[in-house]
Amino acid sequence: MKTRNAEAQRLEGQYLAQLRVALAAHSNSEAAEILQGVRDHIDEALEETAGDEVTAVQMGNVLERLGPPEAFAQEDDSSERAGPATAAAQTSVAPPMVMTPPRVSKLAVASALSLPTAVLLGALVTVLGSGGRVASDSAVMLGMAVGATVLFTGAGIGVAALMAIRKSSGQLRGRGLAIMGIAELGLAVLWCVAAFCIYAALP
Amino acid sequence: MDDDSKWLSQIRRGLLELCILNLLARQSMYGYQIVRRLESAPGLVITEGTIYPLLSRLKRQGLIASSLVESPLGPVRRTYVLTPAGKRHLRDINEVWRDIAGALNEFMVPAQQERKHSP
């Protein structure tokens, strides 16, 4: 650490004392960490100055770039605190800009869940329709009809989810889930066609 | 503080948070290093000291963590890293920012056209 001349030492001490007052609304540990960060910053900045001993002018330049101590209280997120220093800061500074993270579209999630729902409901209807005996053709048809209805509904919800995500200006996400919900209908149709072909080919 | 200054102050505060989290996503950094890196973006940092309360808040929110790191070439430095919660938060706000930036680019009047219409 570079040595300071008397005037540079006085300026630094005065600045850090004012900063301690400005940070009154912070907890002791936070204020101590900010103060330590500023001390380290001053040391690092002074290492870049010319000469072996820091002059008042050099110290003044470093402190000027750091900004007035009051600005430290203003730049923090004052809405999270209560206290006199905060109240003072809030009168002069507008609330900080808050970036709300996007949430996953519930429609997209519902759409993505359409395939497992269709399988479960279809199987349940088939079992109940058979009355505990070997599945009859009519029970299987009813189960497939229920499953297909759920899948078509899921694809519709997926399209609605995509439109809602597009209109949300970034507030909604889940495009992949919505597309998955629509694709599930296509997969189910392919599976049904394949199953029908195999069934028809059987002797 | 006039309306223009308030607006700029709010924009800067939000963007500083975004920039710091993005910087720390690439590598751990100490305070002075973050300040120097941010100064390379014109208009973003007006007073260097304001970074430190912001780092303190991000730490309080659990988005970053700090530790003292010794170096054979320099002093002991408080180094900041992104936490797992910070990584998740960064992914979310980056997504928001990309959408906003894309939308803004559509609305902004080109600089050439702006100069033509100014008195």
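Placed above this text is the structure.
Residues numbered from 1 in each chain as written. Chains lettered and ligands numbered in written order. Predicted model: local features only at pLDDT ≥ 70, side-chain atom pairs only at ≥ 80, totals over all residues. Heavy atoms only, no water.

Visitor: Help me understand the overall build of chain B in this model?
Guide: If you tally the helices and strands in chain B, you get 5 helices and 3 strands. The N-to-C order of helical and strand elements in chain B reads α-β-α-α-β-β-α-α. Buried positions account for 39% of the 119 residues belonging to chain B. Counting contacts in chain B only where the partners sit at least 6 residues apart, residues at least 24 apart contribute 47% of the total. Surface accessibility of chain B: about 7,100 Å² in total, with carbon and sulfur atoms responsible for 55%. (Helix = DSSP H or I, 4+ residues; strand = E, 2+ residues; numbered from the N terminus. Buried < 20%, exposed > 50% of the residue type's maximum accessible area, 1.4 Å probe, protein only. Contact = heavy atoms within 4.5 Å. Areas by Shrake-Rupley, 256 points an atom, 1.4 Å probe, with all protein chains shown as cover.)

Visitor: Looking at this structure, I do not really get the packing of helix α2 (residues 28-47) of chain A against helix α3 (residues 56-66) of chain A. What am I missing?
Guide: Packed helices, taken two at a time, are described by their axes: the angle between them and the distance between them. Residue and element names in this part refer to chain A. Packing of α2 against α3 brings their axes to within 10 Å, and their N-to-C directions diverge by 130 degrees. Of the possible angle classes, the one that applies to α2 and α3 is oblique. In the crossing of α2 with α3, the sense of the turn from one axis to the other is right-handed. Here α2 contributes Val38, His41, Ile42, Ala45 and Leu46 to the contact with α3, which in turn contributes Gln58, Met59, Val62, Leu63, Arg65 and Leu66. Classifying every residue of the contact of α2 with α3 gives 8 nonpolar, 2 polar and 1 charged. (Axes fitted to C-alpha atoms, helices over the stretch in contact; angles between N-to-C directions. Parallel < 35°, antiparallel > 145°, perpendicular 65-115°, else oblique. Left-handed = near helix turned anticlockwise from the far one by under 90°. Nonpolar A, V, L, I, M, F, W, Y, C, P; charged D, E, K, R; others polar.)

Visitor: How do you make sense of the nonpolar core when you look at a structure like this?
Guide: Soluble globular proteins tend to bury their nonpolar side chains together. In terms of nonpolar packing, the biggest core is built from 43 residues, with A:Val38, A:Ile42, B:Ile20 and B:Ile34 touching the most fellow members. With sequence-adjacent residues up to four places away left out, B:Ile34 is seen in contact with B:Ile20, B:Leu23, B:Leu24, B:Met29, B:Ile51, B:Leu55 and B:Tyr80. Counting residues in hydrophobic clusters, the runner-up holds 6 residues, among them A:Val150, A:Leu151, A:Ala155 and A:Ala188. (Core = buried A, V, L, I, M, F, W, Y, C linked by side-chain atoms within 4.5 Å.)

Visitor: Hey, could you run me through the environment of A:Val127 in this one?
Guide: Residues and elements named next belong to chain A. Structurally, the position occupied by Val127 is in helix α7 (residues 114-130). You can call Val127 exposed: its relative accessible area is 55%. With 16 residues separating them along the chain, Val127 and Gly143 place their C-alpha atoms 8.4 Å apart.

Visitor: Can you help me understand the sheet that holds strand β3 (residues 77-82) of chain B in this one?
Guide: Within a beta sheet, neighbouring strands are joined by backbone hydrogen bonds and run either parallel or antiparallel to one another. Taken in spatial order, the 3 strands of this open sheet run β1-β3-β2 (chain B), and their pairing is antiparallel. Either end of the sheet is taken by a strand with one partner, and the two such strands are β1 (29-30) and β2 (64-69) of chain B. (Pairing = 2+ DSSP bridges.)

Visitor: Is there a simple way to explain the pairing of β3(B) in this structure?
Guide: Successive residues of a regular strand alternate their side chains across the two faces of the sheet. Residues and elements named next belong to chain B. As defined by bridge partners, β1 adjoins β3 across 2 bridges and the pair is classed as antiparallel. Along β3, the bridge assignment pairs Tyr30 with Thr79. Relative to β3, β2 runs antiparallel, the two sharing 6 bridges. By the bridge assignment, Leu68 is partnered in β3 with Arg78.

Visitor: Just to check I follow, could you spell out the packing of aromatic side chains for this structure?
Guide: The geometry of an aromatic ring pair is captured by two quantities: the separation of the ring centres and the angle between the planes. The final tally for this structure, using the stated rule, is 0 aromatic pairs over all chains. The aromatic ring of B:Tyr30 is capped on one face by B:Arg77, whose charged end is 4.1 Å from the ring centroid. (Phe/Tyr/Trp six-rings, centres within 6.5 Å; stacked < 30°, edge-to-face > 60°. Lys NZ or Arg CZ within 6 Å of the ring centre and 35° of its normal.)

Visitor: Explain a nonpolar patch on the surface here, please?
Guide: Residues and elements named next belong to chain A. On the surface, a cluster of nonpolar side chains totalling about 370 Å² of accessible area is made up of Val104, Val109, Leu113, Leu177 and Met180. Inspection of the secondary structure assignment puts Leu177 in helix α9 (residues 175-201). Look at Leu177 and you get partly exposed, because its relative accessible area is 30%. (Patch = residues over 30% accessible without salt bridge, like charges linked within 9 Å, V, L, I, M, F, W, Y side chains within 5 Å. Salt bridge = Lys/Arg side-chain N within 4 Å of Asp/Glu carboxyl O.)

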